[in-house]
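Below are the chains, spelled out letter by letter.
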Amino acid sequence: MPEPAAQENFVIQTPERVATVEAGAHTLAGVGAGVELSGGDVHGLSGEAKSQFQIVLNRFFHQRLAMIGVATFVLLGIASIVVGHFWQYSYTTITNNLNDPPSWTNPFGTNSIGNDMFAQVMAGVEKDIEIALTVAAMATLIGVTVGAIAGFYRGWVDTLLMRFVDLVLVLPVLAVLILLSAKLSKESNNWLGLAFIIGILSWTYVARLVRADFLSLRERDFVEASRALGATNRRIIVKHMLPNAVGPIIVNATLTVALSIVFESTLSFLGLGVQPPAVSLGLLVDQGQDSATTEWWLFVFPVAFLIVLILSIFLIGDGLREAFDPKKSRVRA
Amino acid sequence: MAEPALQIDRLEVDFPTKDGVVHAVRGVDFTLEPGEVLGIVGESGSGKSVTALATMGLLPKSADVRGSIRFQGRELLGLKEKQMTKVRGTGIAMIFQDPMTSLNPVYTIGWQITEAILAHQDMSKDAAKARAVELLAKVGIPNPSERVDNYPHEFSGGMRQRAVIAIGMANDPEVILADEPTTALDVTVQAQVLDSLRTALSETGAALLLITHDLGVIAGISDRVLVMYAGRAVETGTAEDVFYKPSMPYTLGLLGSLPRLDSDGNERLRQIPGSPPSMMGDRTGCPFAPRCPLATEICITTEPDLVVVPSVTSAVGGHRAACHFAVEVGRGDHGKVFSDGVVDDVVA
């Protein structure tokens, strides 16, 4: 019987390797218990319950690229807040230095009216993250609700909701965004409205994803079993099925964050997004593009931060997808 | 108690399909007294599981269910979903076939038992958790206070099925429906699971409707047996009646297809030739006739009713069979009804 030896291996693993081995140990636990070891509680088999979520987190934390993504994103987020509060210039401060190249006082230079570009770029990062997180939260909430209901109830409910999804999907997103945001762009501090507009156009993908997941989940035995135990539909959807669909939902929410930054930048670049004096990276790119060849710092810094920000989120999303991928999982449920 | 725990009368279930109506259950009657164990045997597709699901009200909406299903005298057919939800779990609990899939993979075993309790009872979370540990101990999970925090993937198949039984017991039901609870399990583990089931019965005082195609399981645990074929009950009686005096060739065939420990070891297992009939459309005659070596003219034209046949035990009327030659078959007049098949020319 190979199991005991394998368990010993597991125990003497060096700390760095513990995570992978732990994932394996569950399979071993299954095998070990499968032969009904008389004690049932052989050392090392019990008392270290790990939820699938913990396993996923473990796998996520062991991906270098994803960790780089997390570190970058978190650093950018913290930096934008810190700079906003403690940097010598606010993004609205107008200095006497016009169009200065990067220097010690103005690391990213200044623009034509004397704003410190470092403060501006970091304020743009902050605004972008705010908008993106709002959009992702909104899109996920709407998408999950619609998808779960459609997938669970099927029939005419499903048809109705999914045709509505199709309707939203066929809308030319950019055209609608332009149209709606043109109305909103009259006011200056309207980032919430902007997030709202992007949000109501971004939930469709989540809805389809969750619906597909629910269509398969509803046929699983444990759903039938919980119904046989007298659970109501609502209880089954929220408590039994939703947690099983959380993987794709989280991955998708992450990607929505990245995509909504792209959307926001596009709109701001077209002059329909965030309005001055508020700043966003897209707006800064727009303002800097004319001087890209002369005052390069006005263009290069916002573009670089935009790219790094989006890239870091995609890295996180990719890492999450890897971590949630059942094919990578050695745990059979 | 005068009222039977579960009484099913003339239950018929049809499934309309594109190719016609499938008659999955064609008139099944039985009663389940409180605390009694009734085993339902039959091949795949004989309507066993459909009968159970109809009782739980878990059939798809497209299914056409007729007849009467009374739980403690209360008619369940036609009950609103909301009222049915209250019966499920507390009145009738169901244990499913495959413990690998009938537990939710993202929650601990303890959470799932607690969830079952809290769905029906007003209880603090801690009390429910304590009850979960107690239930796990009862079904024979070693070290339940630690195991309660395990996830299903950390349990073996047998332990999972015992956990499922614990969930079934959680709300102290009057009737437990077990749909092939041991089929997905290793033979060595089956006995343990059956033990857990027995414990569940003695703890809750529930009646058990055990659906299986394993005659060994039935023999071990059942008080009475119902043999189903092609959506109908073809023989019913006490376990002794059905096993010692089978009065329907199909039952005989089922029993004959079991390996016997008391044979000399050179006998081939006897099989029932052919396969179960299609349940589509209307039929005349005994559904078993095409496969039955005793079939005569009358079998092809007339479907036999379930009639009283002689019983091993003294109770008169407890043993019934649906066969035109039930009495002869029961007497053993026909000897070996099913041939030994091809003569074995391989040296054993």
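Residues numbered from 1 in each chain as written. Chains lettered and ligands numbered in written order. Predicted model: local features only at pLDDT ≥ 70, side-chain atom pairs only at ≥ 80, totals over all residues.

## A look at the overall build of chain B
Rules: Secondary structure counts use DSSP, requiring at least four H or I residues in a row for a helix and at least two E residues in a row for a strand, with both numbered from the N terminus. With C-alpha atoms as the basis for the radius of gyration, the globule rule is written as 2.2 Å multiplied by the number of residues raised to the power 0.38. Three exposure classes are used, based on other C-beta atoms lying within 10 Å of a residue's own C-beta, which is placed from the backbone: buried for 20 or more, exposed for 12 or fewer, and partly exposed in between.
A count of helical and extended segments in chain B gives twelve helices and twelve strands. Scaling as 2.2 N^0.38, a compact globule of 348 residues should have a C-alpha radius of gyration of about 20 Å, and chain B matches this with 21 Å. If you line up chain B on its principal axes, its C-alpha atoms span 65 × 50 × 45 Å. Counting every position in chain B, which comprises 348 residues, the buried fraction comes to 47%.

## Topic: the pairing of strand E2 (residues 20–32) of chain B
Residues and elements named next belong to chain B. Here is the rule we go by: Paired strands, in this sense, are two strands between which DSSP finds at least two bridges.
One ladder, built from ten bridges, connects strand E1 (residues 6–17) with E2; its direction is antiparallel. Its bridge partner lying in E2, Glu12 is registered against Arg26. Between E1 and E2, which pair antiparallel one after the other, the connecting turn spans two residues.

## Topic: the domain arrangement of chain B
All names here are of chain B. Test applied: An automatic or database domain assignment is the source of the domain bounds shown. The contact criterion used is a C-beta to C-beta distance within 7 Å, with each C-beta placed from the backbone. Residues are grouped as follows: Ala, Val, Leu, Ile, Met, Phe, Trp, Tyr, Cys and Pro are nonpolar; Asp, Glu, Lys and Arg are charged; every other residue, Gly included, is polar.
As far as domains go, chain B holds domain 1 (6–222) and domain 2 (251–331). Centre-to-centre, using C-alpha coordinates, domain 1 lies 29 Å away from domain 2. Contact with domain 1, which involves ten residues of that partner, is made by seven residues of domain 2. With four residues, the top contributor of residues to the side of domain 1 that touches domain 2 is E2. Its residues assigned to classes, the side of domain 1 that touches domain 2 comprises four nonpolar, four polar and two charged.

## A look at the sheet that holds strand E8 (residues 207–212) of chain B
All names here are of chain B. We count it as follows: Only the stretch in contact is used when fitting a helix axis, every axis being a line fitted to C-alpha atoms; angles between N-to-C directions are given from 0 to 180 degrees.
Strand order in the open sheet formed by eight strands is E6-E7-E8-E3-E9-E10-E12-E11, with mixed pairing between adjacent strands. Strands with a single pairing partner mark the edges of an open sheet, and in this sheet they are strand E6 (92–95) and strand E11 (307–308). The sheet contact formed by strand E10 (residues 232–238) and strand E12 (residues 320–321) spans two bridges and is antiparallel. Following the sheet pairing, Glu235 is matched in E12 by Ala321. On top of the sheet, helix H10 (residues 249–256) reaches strand E3 (37–41), strand E9 (224–229) and E10; it is set at about 105° to E9, its chief contact.

## Topic: the sheet that holds strand E5 (residues 74–75) of chain B
Residue and element names in this part refer to chain B. The four strands are arranged E2-E1-E4-E5 in an open sheet whose pairing can be described as antiparallel. Pairing within the sheet leaves two strands with one partner each, and these edge strands are E2 and E5. One ladder, built from two bridges, connects strand E4 (residues 64–71) with E5; its direction is antiparallel. When the bridges of E5 are listed, Arg70 appears paired with Glu75.

## Description of the environment of Val135 of chain A
With respect to the helices, strands and loops of the structure, Val135 of chain A is situated in helix H5 (residues 117–153). Put simply, Val135 of chain A and Leu201 of chain A are 66 residues apart on the chain and 9.5 Å apart in space, counted from C-alpha to C-alpha.

## A closer look at the packing of helix H12 (residues 246–269) of chain A against helix H13 (residues 281–288) of chain A
Residue and element names in this part refer to chain A. Under the convention used in this document: The sense of a crossing depends on the near helix, which, turned anticlockwise from the far helix by less than a right angle, makes the crossing left-handed and, turned clockwise, makes it right-handed.
The contact between H12 and H13 brings their axes to 7 Å, and the two run at 40°. When the axes of H12 and H13 are compared, the crossing they make is right-handed. The segment H12 lies against H13, with Glu264, Ser265, Thr266, Leu267, Ser268 and Phe269 engaging Leu281, Gly282, Leu283, Val285 and Asp286.

## A closer look at the nonpolar core
Rule in force here: For our purposes the nonpolar core covers buried Ala, Val, Leu, Ile, Met, Phe, Trp, Tyr and Cys residues that link as a set through C-beta atoms within 7 Å.
Within the largest apolar cluster, 173 residues are counted, with the highest numbers of intra-cluster contacts made by Ala163, Ala166, Val175, Leu209 and Val227 of chain B. The leading source of residues in this core is H5 of chain A, at 17 residues.

## Quick notes on helix H4 (residues 125–138) of chain B
Residue and element names in this part refer to chain B. Inclusion rule: To estimate how far a helix should extend, the number of its residues minus one is multiplied by 1.5 Å. Throughout, the arc means that of the directions going from the helix axis to the C-beta atoms.
The end-to-end C-alpha distance of H4 is 20 Å, a good match for the 20 Å that 14 residues give at a rise of 1.5 Å each. Of the residues making up H4, those classed as buried are Ala132, Leu135 and Leu136. Buried residues of H4, viewed axially, fall in a sector of 100°; they line one side. Downstream of H4 by a residue or two, Gly140 has a phi angle that is positive, lying close to 90°.

## Section: the packing of helix H6 (residues 155–170) of chain A against helix H9 (residues 204–217) of chain A
All names here are of chain A. It is at 10 Å that the axes of H6 and H9 come closest, and there the two elements cross at 150°. By crossing handedness, the relation of H6 to H9 is classed as left-handed. Between H6 and H9, the contacting residues are Met162, Val165, Val168 and Leu169 on the first element and Thr204, Ala207, Arg208 and Arg211 on the second. When the residues that make up the contact of H6 with H9 are grouped by side-chain class, the tally is five nonpolar, one polar and two charged.

## Here's the deal with the pairing of E8 of chain B
Residue and element names in this part refer to chain B. To keep things clear, this is the line we draw: Handedness rule for crossovers: strands pointing away from the viewer, path from the first strand over the helix to the second running clockwise, crossover right-handed.
Most of E8 is tucked away, with six of its six residues classed as buried. Judged by which residues are buried, E8 turns out to be covered on both faces: Ala207, Leu209 and Ile211 on one side and Leu208, Leu210 and Thr212 on the other are all buried. Note: E3 against E8, five bridges, orientation parallel. If you follow Leu38 over to E8, its bridge partner there is Leu209. Both strand E7 (residues 175–179) and E8 contribute to a ladder of five bridges, which runs parallel. Bridge pairing in E8 links Ala178 to Leu210. Traced from E7 through helix H7 (residues 187–204) to E8, the parallel crossover comes out right-handed.

## Looking at unusual backbone geometry
Residues and elements named next belong to chain B. Even without glycine at this site, Gln72 takes up a positive phi of about 50°. One can find Gln72 in the loop between E4 and E5. Using a count of 17 C-beta atoms within 10 Å as the deciding quantity, one classes Gln72 as partly exposed. One non-glycine residue, Asp172, adopts positive backbone phi at about 55°. Its location among the elements puts Asp172 in the loop between helix H6 (157–169) and E7.

## Observations regarding the confidence of the model for chain B
Note that predicted coordinates carrying low pLDDT should not be read in detail. All names here are of chain B. Cut-off, in case you're wondering: Every residue is assigned a pLDDT by the predictor, reflecting its confidence on a scale from 0 to 100.
Looking at chain B as a whole, its pLDDT mean stands at 84, while 92% of the residues score no less than 70. Between residues 341–348, whose pLDDT stays under 50, and residues either more than four places distant or in other chains, the model counts five contacts. Listed scores for the predicted complex are pTM 0.76 and ipTM 0.78.

## Comments concerning the environment of Ile272 of chain B
Residues and elements named next belong to chain B. Considering the arrangement of structural elements, one finds Ile272 in the loop between H10 and helix H11 (297–301). On the basis of neighbour count, Ile272 is assigned to the buried category, with 20 C-beta atoms found within 10 Å. With 68 residues separating them along the chain, Ile272 and Thr204 place their C-alpha atoms 39 Å apart.

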